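# Notes for the structure review
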Amino acid sequence: MSTVAAHQPPPRPGLELTDTEQDMRDGREGPAVALAMRIVTGLAAVVGATRLLPVTSAHIDSCLYHGQAGLDFAERLVAFDGRVAVPTTLNVGSLDLLHPELVRAGPELAGPARRLMDAYVELGATATWTCAPYQLAHRPGLGEDVAWAESNAVVFANSVLGARTDRYGDFLDICAALTARVPDAGLHRTENRRGQLVVDVRSVPSHLLGRDVTAAVLGHLVGQLAGVRVPVLHGLPAGTTEDQLKALGAAAASSGGVALFHATGITPEAPTLAAALQGGEPEDTIVVTAAMLAAARAELSTVAGGRLDAVSVGTPHFSLAEFGQLAELLAAGPPVVVDFYVSTSRFVRQQADSHGWLRVVEEAGVRVLVDTCTYITPVLAPGTRVVMTNSGKWAYYAPGNLGVQVVFGGLDECVASAREGRVVRDDRTWLAL
């Protein structure tokens with residue numbers, strides 16, 4: 001028996017393991033699996049689960065370098081000959097491996113960050129390096145249990161795809177991938193997916209509600225209103241796009257702890273309001289007004305206007321449809337005069353290239369970053385003070401992460417501002433509310 005397995009405490013009363021799972025704990029599947037199963041069963045005990053569930057895939061957030069502990073853990077699993085047991089994708093790392101010159105990382109960051117990324121590939125994960133695994137060719141279906149990490153990926157999988165994942169953070173994510181098991185708890189259970197808070201947006205003017213920029217603003221507001229509860233958005237337009245739902249969920253998971261939302265008539269578990277509430281009554285109902293959205297939009301900016309140093313879009317990662325929109329905006333005017341970054345995945349970058357859109361945006365002066373993101377790694381030039389974004393998530397985190405001032409606006413406003421070198425926003429619609 002391995003050293004890891006020999007020192008494991010027995011499962012706590014109440015947790016029943018199958019013979020296969022017991023073999024994992026006992027080290028018969030190797031020391032890496034034994035270590036991982038110890039952590040998975042420990043979590044099960046904490047959350048009161050009585051059994052484990054098999055998962056069909058995993059998405060790993062632990063590959064982003066935060067310090068020596070994360071690297072030690074990953075390399076220990078590699079030394080134990082660990083291999084993932086299910087298809088496993090990787091979140092962003094701390095480097096752009098295709099364009100290393102875009103990340104200003106000295107050897108004290110670049111060395112361990114690269115070792116960490118390499119370790120997860122050695123464990124059998126696919127080098128996707130994206131925070132939007134739902135943009136890849138294969139994604140989970142309705143009711144499918146998965147083990148996904150990264151807040152926006154979690155909320156998209158649960159809400160838009162109807163797959164089932166709880167919030168799996170660093171170390172738990174790779175342990176689930178190695179064992180193909182998670183506790184039967186949290187959002188894996190039907191009763192915990194019931195809508196708790198109704199957010200009624202029917203009084204918001206349709207010309208405002210259907211805009212891309214409004215989706216992130218609404219998500220920011222929903223996160224504040226819901227906290228960790230499951231909100232039900234009632235009254236979103238039937239034509240709401242996946243990118244709008246992506247922006248909404250990412251912002252709600254940033255300003256709050258939303259890991260699942262329902263949108264009546266749009267998301268798969270909410271064909272009706274009654275279905276989203278599983279036949280029960282909501283804890284509360286909040287009617288959103290246009291004025292509430294205008295106030296939420298204002299909160300996403302720390303400065304109102306003036307000189308602009310950079311633009312950053314693609315948090316979560318830019319989709320193919322968004323590349324098409326950006327290429328159309330950039331094709332009909334002068335190039336940008338400030339640093340303009342698009343964060344995306346290798347997969348979407350390749351698709352954009354095949355459509356001819358990558359050439360259009362790069363010829364306009366835009367830099368396309370892959371494998372990482374501008375709000376977590378040193379990409380922005382020294383001295384950058386004011387940055388514009390169309391991402392509610394970027395706007396929420398970047399001031400604290402990077403020490404910059406942020407201006408929030410739509411993609412069209414970001415392009416107009418990047419061409420002028422100053423903030424250009426059309427406030428007339430919002431000021432009239």
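Residues numbered from 1 in each chain as written. Predicted model: local features only at pLDDT ≥ 70, side-chain atom pairs only at ≥ 80, totals over all residues. Heavy atoms only, no water.

## With respect to the sheet that holds strand E13 (residues 386-389)
Read across the sheet, five strands follow the order E12-E11-E10-E13-E14 without closing on themselves; strand pairing throughout is parallel. In this open sheet, the two strands that pair with only one neighbour each are strand E12 (366-370) and strand E14 (405-408). Neighbour-to-neighbour, the strand axes of the sheet open up by a mean angle of 25°, direction not taken into account. Relative to strand E11 (residues 339-344), strand E10 (residues 310-313) runs parallel, the two sharing four bridges. Residue Ser 312 lies in a different strand from E11, and its bridge partner there is Tyr 341. (Pairing = 2+ DSSP bridges. Helix = DSSP H or I, 4+ residues; strand = E, 2+ residues; numbered from the N terminus. Axes fitted to C-alpha atoms, helices over the stretch in contact; angles between N-to-C directions.)

## Overview of helix H13 (residues 320-331)
Structurally, the α-helix is built with 3.6 residues per turn, so residues lying three or four positions apart point the same way. An ideal rise of 1.5 Å per residue puts 16 Å on 12 residues; H13 measures up with 16 Å between its terminal C-alpha atoms. Those residues of H13 that fall on the buried side of the exposure criterion are Leu 320, Glu 322, Phe 323, Gly 324, Leu 326, Ala 327 and Leu 330. On its buried face, H13 is in contact with helix H10 (242-255), E11, helix H14 (346-354), helix H15 (357-363), E12 and helix H17 (411-420). (Expected span 1.5 Å × (residues − 1). Buried < 20%, exposed > 50% of the residue type's maximum accessible area, 1.4 Å probe, protein only. Contact = heavy atoms within 4.5 Å.)

## Description of the pattern of salt bridges
A complete count under the given rule lists 22 salt bridges for this structure. As a salt-bridge pair, Arg 114 and Asp 118 come within 3.0 Å of each other at their nearest N and O atoms. Highlighted residues: Arg 114 and Asp 118, both in helix H5 (residues 107-122), separated by four residues, approximately one helical turn. Residue classification places Arg 114 among the partly exposed positions, given a relative accessible area of 39%. (Salt bridge = Lys/Arg side-chain N within 4 Å of Asp/Glu carboxyl O.)

## Points about the environment of Gly 383
Its place among the elements puts Gly 383 in the loop between E12 and E13. For Gly 383, a relative accessible area of 45% gives the class partly exposed. Spatially, the C-alpha atom of Gly 383 lies 8.6 Å from that of Asp 309, the residues being 74 residues apart in sequence.

## As for the packing of helix H9 (residues 212-226) against H10
With their axes 7 Å apart at the nearest point, H9 and H10 run at an angle of 30° to one another. Classified by the interaxial angle, the pair formed by H9 and H10 is roughly parallel. Crossing of H9 against H10: the hand is right-handed. Across the interface between the two elements, Asp 212, Ala 215, Ala 216, Leu 218, Gly 219, His 220, Val 222, Gly 223 and Gln 224 of H9 pack against Gln 244, Ala 247, Leu 248, Ala 251, Ala 252 and Ser 255 of H10. Counted by class, the contact of H9 with H10 contains eight nonpolar, six polar and one charged residues. (Parallel < 35°, antiparallel > 145°, perpendicular 65-115°, else oblique. Left-handed = near helix turned anticlockwise from the far one by under 90°. Nonpolar A, V, L, I, M, F, W, Y, C, P; charged D, E, K, R; others polar.)

## Comments concerning the nonpolar core
One finds Tyr 120, Ile 174, Leu 218, Leu 236 and Leu 293 to be the most contacted residues of the largest nonpolar core, which totals 104 residues. One finds Phe 318, Val 360, Val 366 and Val 423 within the second-largest nonpolar core, a separate group that totals 29 residues. (Core = buried A, V, L, I, M, F, W, Y, C linked by side-chain atoms within 4.5 Å.)

## Remarks on the confidence of the model for the protein chain
Averaged over the protein chain, the pLDDT score is 95; the fraction of residues at 70 or greater is 96%. Confidence over residues 1-7 falls short of pLDDT 50; this stretch has 13 contacts with residues more than four positions distant or in other chains. (pLDDT = per-residue confidence, 0-100.)

## Brief notes about helix H3 (residues 31-47)
Taking 1.5 Å per residue, 17 residues should reach 24 Å; H3 reaches 25 Å between its end C-alpha atoms and fits that length. Within the sequence span of H3, burial applies to Ala 32, Val 33, Ala 34, Leu 35, Ala 36, Met 37, Val 40, Thr 41 and Ala 44. Positive backbone phi, approximately 75°, marks Gly 48, located one or two places after H3.

## Points about the pairing of strand E7 (residues 231-234)
Taking every second residue as pointing to the same face, both faces of E7 are buried, with Pro 231 and Leu 233 on one and Val 232 and His 234 on the other. Inspection of the sheet shows strand E6 (residues 197-200) paired to E7 by four bridges, in the parallel sense. Bridging across to E7, Asp 200 finds its partner in His 234. The β-α-β motif built from E7, the intervening H10 and the parallel element strand E8 (residues 262-263) has right-handed crossover chirality. (Right-handed = clockwise from strand over helix to strand, strands pointing away.)

## Details of the packing of aromatic side chains
Aromatic rings in a pair are described by how distant their centres are and how their planes are angled relative to each other. Counting across every chain of the model gives five aromatic pairs. Ring plane angle 35° and centroid distance 4.6 Å describe the contact between Phe 73 and Phe 171, whose orientation is recorded as tilted. Residue Phe 73 is found in helix H4 (residues 68-79), and its partner Phe 171 is found in the loop between helix H6 (151-161) and helix H7 (172-179); the two are separated by 98 residues along the sequence. The class for Phe 73 is buried, based on a relative accessible area of 14%. For Phe 171, a relative accessible area of 30% corresponds to the partly exposed category. (Phe/Tyr/Trp six-rings, centres within 6.5 Å; stacked < 30°, edge-to-face > 60°.)

## Regarding the sheet that holds strand E3 (residues 88-90)
In a beta sheet, neighbouring strands are held together by backbone hydrogen bonds and run either parallel or antiparallel to one another. A sheet is described by the order of its strands in space; here three strands give the open sequence E3-E2-E4, paired in parallel fashion. The sheet is open, and its two edges are formed by E3 and strand E4 (147-148), each paired on a single side. By the bridge criterion, three bridges tie strand E2 (residues 58-60) to E3 in an arrangement that is parallel. The partner of His 59 across the bridge, within E3, is Thr 89.

## Things to note about unusual backbone geometry
Note the cis peptide between Thr 315 and Pro 316, where omega equals 5°. Its location among the elements puts Pro 316 in the loop between E10 and H13. Of note in the backbone geometry, Trp 129 takes a positive phi value of approximately 50° without being a glycine. Locating Trp 129 in the fold gives a position in the loop between H5 and E4. Phi is positive for Ala 180, which is not a glycine, with a value near 60°. Its place among the elements puts Ala 180 in the loop between H7 and strand E5 (181-183). With relative accessibility at 9%, the residue Ala 180 sits in the buried group.

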